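Chain by chain, the residues run as shown.
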Amino acid sequence: ASSTQCSLDDHLVPRDQVPLYSESAFWDVSIQWLIKTNQPICILQNPVFQKMINFASHANHSVKILTLKQTWQSIINLFKSNLRELHK
């Protein structure tokens, strides 16, 4: 039996480099997002938006964004659940 070990280097996929956090960089990206998505400036003060950002800031690595189909299905499921609650 051979005592040499195979290298895993050819099988490893590097993670995206996540830039170090700074308030300046966060605000730059926030403003870019506001402009590119045509959001009202007040959205940054929305409690649900702030909750989402706070929640994502505690992720160990990166945040997985749902696909359009997954997002659509989640909204439909929530809508149906709310309808069932109304009929109780």
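Scroll up to find the structure this text is about.
This write-up is about the structure you can find in this document. (Residues numbered from 1 in each chain as written. Predicted model: local features only at pLDDT ≥ 70, side-chain atom pairs only at ≥ 80, totals over all residues. Heavy atoms only, no water.)

## Description of the overall build of the chain
What counts is decided by this rule: Elements are defined by DSSP. Helices are runs of H or I of four residues or more, strands are runs of E of two residues or more, and each kind is numbered from the N terminus. For every residue, the accessible area obtained with a 1.4 Å probe (protein chains only) is divided by the maximum for its type, and the residue is called buried under 20%, exposed over 50%, and partly exposed between those limits. For every accessible area listed, the method is Shrake-Rupley and the probe measures 1.4 Å; residues are considered covered only by the protein chains on display.
Within the chain, the regular secondary structure consists of 3 helices and 0 strands. Overall, the chain shows an N-to-C arrangement of helices and strands of α-α-α. With 88 residues in all, the chain has 5% of them scored as buried. About 9000 Å² of surface is accessible on the chain, with carbon and sulfur atoms providing 61% of the total.

## Quick notes on helix α1 (residues 23-36)
How we decide: Between the first and last residue of a helix there are one fewer steps than residues, each counted as 1.5 Å, and that sum is the expected span.
Between its terminal C-alpha atoms α1 stretches 20 Å, which fits the 20 Å expected from 14 residues at 1.5 Å a residue. Just downstream of α1 lies asparagine 38, where phi reads positive at about 55 degrees.

## Side note on the environment of leucine 44
Test applied: Two residues qualify as a contact provided that any one of their heavy atoms is within 4.5 Å of a heavy atom in the partner residue.
Looking at the secondary structure, you find leucine 44 in the loop between α1 and α2 (47-56). For the pair leucine 44 and serine 30, spaced 14 residues apart in the sequence, the C-alpha separation amounts to 8.2 Å. Once residues lying within four places of it in the same chain are set aside, the contact partners of leucine 44 are Trp27, Ser30, Leu34, Phe49 and Gln50.

## Digging into the packing of aromatic side chains
We count it as follows: Between rings of Phe, Tyr and Trp, where Trp is taken as its six-membered ring, a pair exists when centres lie within 6.5 Å; planes separated by under 30 degrees are stacked, by over 60 edge-to-face, and by other angles tilted.
Within this structure, the stated rule accounts for 3 aromatic pairs. Here tyrosine 21 and phenylalanine 26 contribute two aromatic rings whose centre-to-centre distance is 6.2 Å and whose plane-to-plane angle is 45 degrees, an arrangement assigned as tilted. For tyrosine 21, a relative accessible area of 60% translates into the label exposed. Relative to tryptophan 27, the ring of phenylalanine 26 lies with its centre 5.6 Å away and its plane at 75 degrees, an arrangement referred to as edge-to-face.

## Things to note about unusual backbone geometry
Despite not being glycine, asparagine 38 shows a phi value in the positive range, around 55 degrees. Note that asparagine 38 resides in the loop between α1 and α2. Relative accessible area serves as the criterion here: at 70%, asparagine 38 is assigned to the exposed category.

## Thoughts on a nonpolar patch on the surface
Just so we agree on the cut-off: Each patch is built from residues that are more than 30% exposed by relative accessible area and take part in no salt bridge. Like charges join if they lie within 9 Å; nonpolar side chains (Val, Leu, Ile, Met, Phe, Trp, Tyr) join within 5 Å. A carboxyl oxygen of Asp or Glu within 4 Å of a side-chain nitrogen of Lys or Arg is what we treat as a salt bridge.
On the surface, Phe79, Leu83 and Leu86 cluster together into a nonpolar patch covering about 330 Å² of accessible area. Inspection of the secondary structure puts leucine 86 in helix α3 (residues 68-86). Taking relative accessible area as the criterion, leucine 86 reaches 67% and is therefore assigned exposed.

## Description of the environment of lysine 88
Put simply, the rule is: Two N or O atoms form a polar contact when they lie within 3.5 Å of each other; inside protein one atom must be a possible hydrogen donor and the other a possible acceptor, and for residues adjacent in sequence the pair counts only when both atoms belong to side chains.
Assignment of secondary structure puts lysine 88 in the segment after α3. Among the polar contacts made by the side chain of lysine 88, one reaches the side chain of glutamate 85 at a distance of 3.2 Å.

## Some words on the pattern of salt bridges
Evaluated as defined, the whole model comprises 1 salt bridge. For lysine 88, the salt bridge goes to glutamate 85, with nearest N and O atoms at 3.2 Å.

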